[in-house]
Amino acid sequence: MRVSEETTTWTPERVAEPGRWLAEAHRVVALTGAGISAESGIPTFRGAGGLWKGRDPMSMATPQAFARDPEEVWEWYDWRRGLVLGCEPNPGHQALAELADLVPDFLLVTQNVDGLHQRAGSSQVVELHGNLFRLGCWACCGHEETRVDHPLDPRPPRCPCGALQRPGVVWFGEALPEDAFPRAHRAAAAADLFLVVGTSSVVYPAAGLADVALAAGARVVEVNPQPSRAGVARALAGPAGEVLPALLRAAQKFRESG
Ligand code: BV8
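The text that follows walks through the structure, step by step, so that each part is easy to find. Given the structure is predicted, the values throughout are model-derived calculations rather than measurements.

**What about the site of the ligand?**
Then, in step 1: As a structural note, the neighbourhood of the ligand is formed by 35 residues, with Arg46, Tyr77, Arg80, Thr199 and Ser200 the closest of them.
Then, in step 2: The separation between an oxygen atom of the ligand and a polar main-chain atom of alanine 34 is 2.7 Å.
Then, in step 3: In this structure, a nitrogen atom belonging to the ligand sits 3.5 Å away from a main-chain N or O atom of glycine 35.
Then, in step 4: Summarising the interface, the protein chains cover 73% of the accessible area of the ligand, which totals 1500 Å² for the free molecule.
Then, in step 5: Class assignment for the residues of the shell around the ligand results in 19 nonpolar, 12 polar and 4 charged.

The structure is reproduced here in structure tokens:
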């Protein structure tokens, strides 16, 4: 793991400078990963334990797994929906929702499929990897629906076209939603400041967005107890639920001081 020489163990005093960067920025992008939902009680993909309900997310989140055993994969996502519905957004999600009111041009891009950013009040959310509560058609007929009732059913329901329905998420080896990544890429290329929050930065093309921002001259700030990104202007080594509210307060304080 390469750690920036700017790694700062998180303390409220040490977010003053990144807070000023945030207060002075015109175009900000925040890219979030599973880590921002960790304090809400949702396991990360590669965290300690790493198994969800005894299954490895990396082996379940593939079209091959669904083709092999649609009921097992469907039931695993149904379990995740139940888990997420029992969780609440945390102060990290809420801070990013408030950030949208502070920054003239803010885009929230998430790899997460749990919908917690929306439940925290974020309105503009680019979901690169889909959403647990959206259903698609396994035969790709184009039918989509959003279901928030739980449990849906232990077996995959049928699409109106007769094929199985599938979780409306992007599995490994699948293309991202056609408008999501280009929109995120454009915003990263135009950003003054790019926040990387709660991600191990190993899944592409999402992980490449910070490199796009860096190449375009943006400052990159990482928020993660175990920072991993290279080339960042500052790595705040702490939990998003504490660091993001402090960063927002520092920016608001700088703004108020005129
Ligand atoms: C694509 C939805 C091309 C499902 C997810 C071979 C064939 C095809 C593609 C590939 C291939 N080899 C590699 C690839 C590319 C592949 C990829 O990147 N693989 C990796 C594993 C090497 N990517 C893809 O397949 C993508 N598609 O490339 O398509 C294409 C183009 C055209 C046509 C056809 C194909 C699709 C990737 C999307 C996969 N779906 N999720 C589901 O959820 O079930 S990805 C999954 O990983 C989640 O979305 C998750 O968010 C994401 C990334 O993980 P992280 O969010 O970073 O989570 P992680 O656990 O890793 O890290 C958590 C971090 O939080 C840690 O750093 C930790 O320190 C930190 N943390 C912990 N606590 C806190 C905290 N931070 C802050 N606060 C805390 N409290």
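Picking up after the structure, the text goes on.
**What to know about the environment of alanine 250**
Then, in step 1: Within the fold, alanine 250 resides in helix α9 (residues 240-256).
Then, in step 2: Put simply, alanine 250 and arginine 20 are 230 residues apart on the chain and 7.1 Å apart in space, counted from C-alpha to C-alpha.
Then, in step 3: With residues near it in sequence (within four places) discarded, alanine 250 still touches Val15, Ala16 and Gly19.

**Brief notes about the side chain of histidine 129**
Then, in step 1: Of note, histidine 129 is situated in the loop between β4 (125-127) and β5 (130-137).
Then, in step 2: When residues no more than four places from it in sequence are discounted, the contact partners of histidine 129 are Thr110, Gln111, Val113, Val169, Val170, Leu176, Val203 and Ala206.

**Observations concerning helix α7 (residues 180-190)**
Then, in step 1: Among the residues making up α7, those that are buried are Ala180, Ala184, Ala187 and Ala188. Down the axis of α7, the buried side of the element spans an arc of 100 degrees, and every buried residue falls inside it.
Then, in step 2: Contact partners of the buried residues in α7: β2 (27-32), β3 (105-110), β4, β8 (193-197) and α8 (209-215).

**Brief notes about the packing of aromatic side chains**
Then, in step 1: Applying the stated criterion across every chain yields a total of 5 aromatic pairs.
Then, in step 2: Between tyrosine 77 and tryptophan 171 the ring centres are 6.2 Å apart and the planes differ by 55 degrees, which places this aromatic pair in the tilted class. Remark: tryptophan 171 occurs in the loop between β7 (165-169) and α7 and tyrosine 77 occurs in helix α4 (residues 70-85); sequence separation between them is 94 residues.
Then, in step 3: Residue tyrosine 77 is classed as buried on the basis of its relative accessible area, which comes to 1%.
Then, in step 4: Tryptophan 171 gets classed as buried once you look at its relative accessible area, which sits at 2%.
Then, in step 5: Within the aromatic cluster, the residues linked to one another by ring pairs are Phe66, Trp76, Tyr77, Trp138 and Trp171.
Then, in step 6: We note arginine 81 situated over the ring of tryptophan 74; from NZ or CZ to the ring centre the distance is 4.9 Å.
Then, in step 7: One cation-aromatic arrangement involves arginine 166 over tryptophan 171; the distance from NZ or CZ to the ring centre is 3.9 Å.

**A short note on the nonpolar core**
Then, in step 1: Ranked by internal contacts, the top residues of the largest apolar core, which has 31 residues, are Leu22, Leu99, Leu195 and Leu244.
Then, in step 2: Considering each element in turn, this core owes the most residues, 8 residues, to α9.
Then, in step 3: Residues within four places of leucine 22 in sequence aside, it is in contact with Val28, Leu99, Leu102, Val103, Leu193, Leu247 and Ala251.
Then, in step 4: Judged by nonpolar contacts, the second largest core, of 24 residues, contains Val170, Ala188, Val196 and Val212.

**Thoughts on the sheet that holds β5**
The pairing of strands in a sheet happens through backbone hydrogen bonds and is either parallel or antiparallel.
Then, in step 1: Within the open sheet, the 3 strands sit side by side as β6-β5-β7. Their pairing is antiparallel. If you trace the sheet from one side to the other, it starts and ends with β6 (145-146) and β7, each paired once.
Then, in step 2: In this sheet, β6 lies alongside β5 in antiparallel orientation, the contact comprising 2 bridges. Bridge pairing in β6 places leucine 135 opposite glutamate 145.
Then, in step 3: Strands β5 and β7 of the sheet are contacted by α4, whose axis makes an angle of about 145 degrees with β5.

So, how was this worked out
- Residues numbered from 1 in each chain as written.
- Predicted model: local features only at pLDDT ≥ 70, side-chain atom pairs only at ≥ 80, totals over all residues.
- Heavy atoms only, no water.
- Near = heavy atom within 4 Å.
- Polar contact = N/O pair within 3.5 Å; in protein donor to acceptor, adjacent residues only side chain to side chain.
- Areas by Shrake-Rupley, 256 points an atom, 1.4 Å probe, with all protein chains shown as cover.
- Nonpolar A, V, L, I, M, F, W, Y, C, P; charged D, E, K, R; others polar.
- Helix = DSSP H or I, 4+ residues; strand = E, 2+ residues; numbered from the N terminus.
- Contact = heavy atoms within 4.5 Å.
- Buried < 20%, exposed > 50% of the residue type's maximum accessible area, 1.4 Å probe, protein only.
- Arc of directions from axis to C-beta.
- Phe/Tyr/Trp six-rings, centres within 6.5 Å; stacked < 30°, edge-to-face > 60°.
- Lys NZ or Arg CZ within 6 Å of the ring centre and 35° of its normal.
- Core = buried A, V, L, I, M, F, W, Y, C linked by side-chain atoms within 4.5 Å.
- Pairing = 2+ DSSP bridges.
- Axes fitted to C-alpha atoms, helices over the stretch in contact; angles between N-to-C directions.

Without other data, these values stay purely geometric and don't point to any function.
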